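# Residue-level structural notes
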Number of protein chains: 4
Amino acid sequence: MAHPPTVPARKRNPRHTRDRLARAALELFTTRGYHETTTPLIATRAGVAEGTIYRHFASKDELLNEVYRAGVRLFVAALKESDARGGCRGRLEGVAKRWRDIAAREPALVRLVFSDAFTARVDERSRTTLRELRAELEKLVAAGKAAGEIRHGAAELHADLWLRLIELVLDRTARGTWKSDDPAIAQVIEAAWDAIGAPTGRTALSPGAPRVENAT
Amino acid sequence: MAHPPTVPARKRNPRHTRDRLARAALELFTTRGYHETTTPLIATRAGVAEGTIYRHFASKDELLNEVYRAGVRLFVAALKESDARGGCRGRLEGVAKRWRDIAAREPALVRLVFSDAFTARVDERSRTTLRELRAELEKLVAAGKAAGEIRHGAAELHADLWLRLIELVLDRTARGTWKSDDPAIAQVIEAAWDAIGAPTGRTALSPGAPRVENAT
Amino acid sequence: MAHPPTVPARKRNPRHTRDRLARAALELFTTRGYHETTTPLIATRAGVAEGTIYRHFASKDELLNEVYRAGVRLFVAALKESDARGGCRGRLEGVAKRWRDIAAREPALVRLVFSDAFTARVDERSRTTLRELRAELEKLVAAGKAAGEIRHGAAELHADLWLRLIELVLDRTARGTWKSDDPAIAQVIEAAWDAIGAPTGRTALSPGAPRVENAT
Amino acid sequence: MAHPPTVPARKRNPRHTRDRLARAALELFTTRGYHETTTPLIATRAGVAEGTIYRHFASKDELLNEVYRAGVRLFVAALKESDARGGCRGRLEGVAKRWRDIAAREPALVRLVFSDAFTARVDERSRTTLRELRAELEKLVAAGKAAGEIRHGAAELHADLWLRLIELVLDRTARGTWKSDDPAIAQVIEAAWDAIGAPTGRTALSPGAPRVENAT
DNA sequence: TATGAATGAGTTTTCATTCAT
DNA sequence: TATGAATGAAAACTCATTCAT
């Protein structure tokens, strides 16, 4: 699935080779697992010789980490792009949708970045990069909390809860189970907010009103 | 030509040895991962010779699967014990607490049963056992939905959402981050309910009506 | 965690290495037996590392089979070369001599191809190749039978009988007990014919006459 | 095939246990090969525990050798029983028939005693026992030669030739391909004689006459 | 005498990594 | 920069043998 376009042959752009290797590795790691992905397999899928891997990556492990960090950075970037205007809820929703778009475009990335299997395998530097993702999200949630939009409790915890539910959206999108406009997506995004949002409108007797506009 | 053992037999223990092996394997698999857990390592931890593993388990893979299924069964049992009386919310809360107790007692089981890394590695039979867990949970949620306690949307989705958040409790408990009486636990359990409970049901006695308009 | 080779690559040789492995294996299999021939032993004899075996043969078993089939093919080729002119007796004698030459050149091949130990171990494909040898020989005998040179009875049986006696020639030649010109060879070849040739044909038209004096 | 009669249980006659082990081993060695026959397998087939093997035989290797020698002795006995009266031809024929009877009764013995695989595996003592078989046969042939019945050439060679052909009878009988009265048996016995007998009767113009009655 | 759990050396096989070309 | 044959440590697994019971 998703083999990069086959290039005629010979005298390849070196950058190109590196990319082909990274893509092949990403695809294989996330479908077969790290150990089940052998270096001969990566090389074959990338259309290069086994030894060529080591011209571009110090080791198989380093290859995983580079692909991993690149993946995390993509999600972080989407997170940072989040429009500073708008309430916490709106911003989170925006993030969720951007992420969902990434998941639709690069399903393998979701399996790589949001899988405990890889998070556990990855080196300290990669873990730091991942922590950045978490930190950025917590910042967003903390701001919402300061604004009274988030319920009481640690911002980190709320970030965790929200993330766990949004991961469901990413997973189903990556798997192709849910298309971009599947109503379940909005449902989960709403549920994620319900799990962390301040109970204002909900405790009152007029439950849904302010949120109707939010729907979709 | 042959290879007589340098050191002969040693102990005596029928079920004991098997248990030691299972425990050692569980611990190692969940802390180091499947491939990083070598058979010599398991044997050493269990205090037996490497070959002894194979008197009790057909293969390393089978060892994983047996430990895995035993773990799943424990969670399923706790789920089935759930008091049939009481509303869906109460029953889910009961399940969450029983699971948290298991997590406190056997932290490794959480890492084994609720980790995609192992769920992906495990054989068909084990997967069937896991499906039972999911089915049981969905049954509970579906009943709640029929009673109007759960918001609209597929029961499976709600089961998923709830489970994802409760997994956070299990994870933190297994890690020892949260003790049994940590207030965060109740907070997450509440958040999990907020993510799937019918909105009105929480404020009033009349459950779902006003939220119909919310749909999509 | 991984296991980088302590000592790196070494030589350069495409077909050469494969041949060395095949020869070493042939020699060892036929002198020590299949199980007594370990892969480290084969590698050492071939002057390569153990892992190198698996770059050229899928498994130890496959190595045996490839060597085996190559051996059988050599004997089949000699059989097919058999001059179509001349009576059955002459042709059989020609085959026996060609085979004896092979046995002199490659003694190990005799032990490999004409040994029930290997015939039993070998895979279906190899067995088919061996059946070709038998079929070819039977064809030759059947032709002789049609020409009235072979005594009554199934051609397959006669082929079997002849082969069993010729195997003695091959075995003694392979062992070095009999040199190429040892009179025993002609004696066995004659005996083999006597065991299957039509009784009258020998008294008639000269062929047998000079041999009368040979008696005792 | 041919499992010895199942004995109820408990407190077995020790001699009996030893026999059961020997029989199980014989059967397994000859059908699966030495290495493919594991000690647990032998024990299971004999209906005893693994350790029990070592109460009766020093090692697996010793077990093989004891079974082997017992087998050889059986054939030697049949050879020695050979009626001293009668010509060499008659005596050889008698031996062949006695052996054929053994082959019919104990097919596994043929595969054990007349297989190069086992002959190569067996220890020096067993080889000596086998040499006795050969020596006895050579004695018989040498006597025939002295009487002018056997053609010129070394008696050992003639013994070898005759044996090789008779092995075919034993093999086919052991396999069940030929029943005791199969005409092929007489045919092979005749062929075996033709391969070594002095060419007297055959050079004459009256080839088959006296031998017709021999046929069966 | 019989048992069978335990042993560990030894087996085949894998695979990330190197380096001469 | 690219190649791919070669490497060898380490993996999972086997099995003849021992000995406490």
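Residues numbered from 1 in each chain as written. Chains lettered and ligands numbered in written order. Predicted model: local features only at pLDDT ≥ 70, side-chain atom pairs only at ≥ 80, totals over all residues. Heavy atoms only, no water.

## Thoughts on the overall build of chain A
Counting secondary structure elements, chain A contains 12 helices and 0 strands. Counting helices and strands in the order they occur from the N terminus, chain A gives α-α-α-α-α-α-α-α-α-α-α-α. A burial count over chain A gives 48% of its 216 residues as buried. By sequence separation, contacts in chain A at least 24 residues apart represent 65% of the contacts at least 6 residues apart. Within the structure as shown, chain A displays about 10200 Å² of accessible surface, and the carbon and sulfur contribution to it stands at 54%. (Helix = DSSP H or I, 4+ residues; strand = E, 2+ residues; numbered from the N terminus. Buried < 20%, exposed > 50% of the residue type's maximum accessible area, 1.4 Å probe, protein only. Contact = heavy atoms within 4.5 Å. Areas by Shrake-Rupley, 256 points an atom, 1.4 Å probe, with all protein chains shown as cover.)

## Notes on the domain arrangement of chain A
Residue and element names in this part refer to chain A. With domains assigned, chain A is organised as domain 1 (14-57) and domain 2 (60-196). Domain 1 and domain 2 are separated by 27 Å when their C-alpha centres are compared. Both faces considered, domain 1 and domain 2 share a buried interface measuring about 1400 Å² in area, 69% of it formed by carbon and sulfur atoms. A salt bridge links Glu-27 to Arg-111; the shortest N-O distance between them is 4.0 Å. In this structure, the connection of domain 1 to domain 2 is made through 5 residue pairs in polar contact (both at pLDDT 80 or more). Those elements giving two or more residues to the side of domain 1 that touches domain 2 turn out to be helix H1 (14-32), helix H2 (39-46) and helix H3 (53-56). Here the side of domain 1 that touches domain 2 takes 9 residues from H1, the largest share from any one element. For the side of domain 1 that touches domain 2, the class distribution of residues is 9 nonpolar, 5 polar and 3 charged. (Domains from an automatic or database assignment. Buried area = accessible area lost by both parts, 1.4 Å probe. Salt bridge = Lys/Arg side-chain N within 4 Å of Asp/Glu carboxyl O. Polar contact = N/O pair within 3.5 Å; in protein donor to acceptor, adjacent residues only side chain to side chain. Nonpolar A, V, L, I, M, F, W, Y, C, P; charged D, E, K, R; others polar.)

## So, the confidence of the model for chain A
Residue and element names in this part refer to chain A. In this model, chain A carries an average pLDDT of 88, and 86% of its residues clear a pLDDT of 70 or more. Counting contacts from residues 1-10, a segment whose pLDDT is below 50, to residues more than four positions away or on other chains yields 10 contacts. Within the model, the stretch residues 201-216 combines pLDDT values under 50 with 28 contacts to residues more than four positions away or in other chains. (pLDDT = per-residue confidence, 0-100.)

## Let's talk about helix H2 (residues 39-46) of chain D
Residues and elements named next belong to chain D. What H2 keeps buried is the set Thr-39, Ile-42, Ala-43 and Ala-46. For H2, the arc enclosing every buried residue in end-on projection is 95 degrees, short of the 170-degree limit, so these residues lie on one face. Note on H2: the residue one or two positions beyond its end, Gly-47, has a positive phi of about 75 degrees. (Arc of directions from axis to C-beta.)

## Some details on the pattern of salt bridges
Opposite charge on two side chains allows them to pair when their charged atoms are near. Applying the stated criterion across every chain yields a total of 90 salt bridges over all chains. One salt-bridge network, held together by shared partners, links Arg-134, Glu-138 and Asp-160 of chain A together with Asp-171, Arg-172 and Arg-175 of chain B.

## Notes on the packing of helix H5 (residues 88-105) of chain A against helix H8 (residues 124-146) of chain A
Residues and elements named next belong to chain A. Axis separation between H5 and H8 bottoms out at 9 Å; the angle between their running directions is 155 degrees. Considering their axes alone, H5 and H8 lie roughly antiparallel with respect to each other. Contact residues: H5 offers Cys-88, Arg-91, Leu-92, Val-95 and Trp-99, while H8 offers Leu-133, Leu-137, Leu-140, Val-141 and Gly-144. Split into classes, the residues belonging to the contact of H5 with H8 amount to 8 nonpolar, 1 polar and 1 charged. (Axes fitted to C-alpha atoms, helices over the stretch in contact; angles between N-to-C directions. Parallel < 35°, antiparallel > 145°, perpendicular 65-115°, else oblique.)

## Here we look at the side chain of Ser-82 of chain C
Residue and element names in this part refer to chain C. By the element assignment, Ser-82 lies in the loop between helix H4 (60-81) and helix H5 (88-105). Of the polar contacts made by the side chain of Ser-82, one reaches the side chain of Arg-91; its length is 3.2 Å. When near neighbours in sequence (up to four residues on either side) are disregarded, Ser-82 contacts Arg-91, Val-95, Arg-98 and Leu-140.

## Points about helix H1 (residues 15-32) of chain B
All names here are of chain B. Its 18 residues place the ends of H1 25 Å apart at the C-alpha level, agreeing with the 26 Å of an ideal helix rising 1.5 Å per residue. Within H1 the residues assigned to the buried category are Thr-17, Leu-21, Ala-24, Ala-25, Leu-26, Leu-28, Phe-29 and Thr-30. On its buried face, H1 sits against helix H2 (39-46), helix H3 (50-56), helix H4 (60-81), helix H6 (107-113) and helix H7 (116-121). Following H1 by one or two positions, Gly-33 adopts a phi angle in the positive range, close to 100 degrees. (Expected span 1.5 Å × (residues − 1).)

## Quick word on the packing of helix H5 (residues 88-105) of chain D against helix H10 (residues 183-196) of chain D
Residues and elements named next belong to chain D. Two elements in contact, H5 and H10, have axes separated by 11 Å at closest approach and are oriented at 140 degrees. One way to sum up the angle between H5 and H10 is to call them oblique. With respect to the hand of their crossing, H5 and H10 are arranged in right-handed fashion. Between H5 and H10, the contacting residues are Cys-88, Arg-89, Leu-92, Glu-93, Ala-96, Lys-97 and Arg-100 on the first element and Ile-185, Ile-189, Glu-190, Trp-193 and Ile-196 on the second. Residues of the contact of H5 with H10, tallied by class, amount to 7 nonpolar, no polar and 5 charged. (Left-handed = near helix turned anticlockwise from the far one by under 90°.)

## With respect to the packing of aromatic side chains
The final tally for this structure, using the stated rule, is 20 aromatic pairs over all chains. Ring geometry for Phe-75 of chain A against Trp-99 of chain A: centres 5.8 Å apart, planes inclined by 80 degrees, an arrangement best described as edge-to-face. Placement of the pair is Phe-75 of chain A in helix H4 (residues 60-81) and Trp-99 of chain A in helix H5, with a sequence separation of 24 residues. Between the aromatic rings of Phe-75 of chain D and Phe-114 of chain D, the centroid separation amounts to 5.0 Å while the plane-to-plane angle is 85 degrees, which identifies the pairing as edge-to-face. A residue pair is termed long-range when its members are at least 10 positions apart, and Phe-75 of chain D in helix H4 (residues 60-81) and Phe-114 of chain D in the loop between helix H6 (107-113) and helix H7 (116-121) qualify at 39 residues. A relative accessible area of 0% places Phe-75 of chain D in the buried class. Lying across the ring of Tyr-34 of chain A, Lys-60 of chain A places its NZ or CZ 4.2 Å from the centre. (Phe/Tyr/Trp six-rings, centres within 6.5 Å; stacked < 30°, edge-to-face > 60°. Lys NZ or Arg CZ within 6 Å of the ring centre and 35° of its normal.)

## Here we look at the environment of Lys-80 of chain A
Residue and element names in this part refer to chain A. Assignment of secondary structure puts Lys-80 in helix H4. Along the chain, Lys-80 and Ala-108 lie 28 residues apart, while their C-alpha atoms are 21 Å from each other. Setting aside residues up to four positions removed in sequence, Lys-80 forms contacts with Glu-132 and Glu-136.

## Side note on the environment of Ala-43 of chain C
All names here are of chain C. By the secondary structure assignment, Ala-43 is in helix H2 (residues 39-46). Given the relative accessible area of 2%, Ala-43 is considered buried. Sequence separation of Ala-43 and Leu-21 is 22 residues, and the distance between their C-alpha atoms is 7.0 Å. With residues near it in sequence (within four places) discarded, Ala-43 still touches Val-48, Ala-49, Glu-50 and Ile-53.

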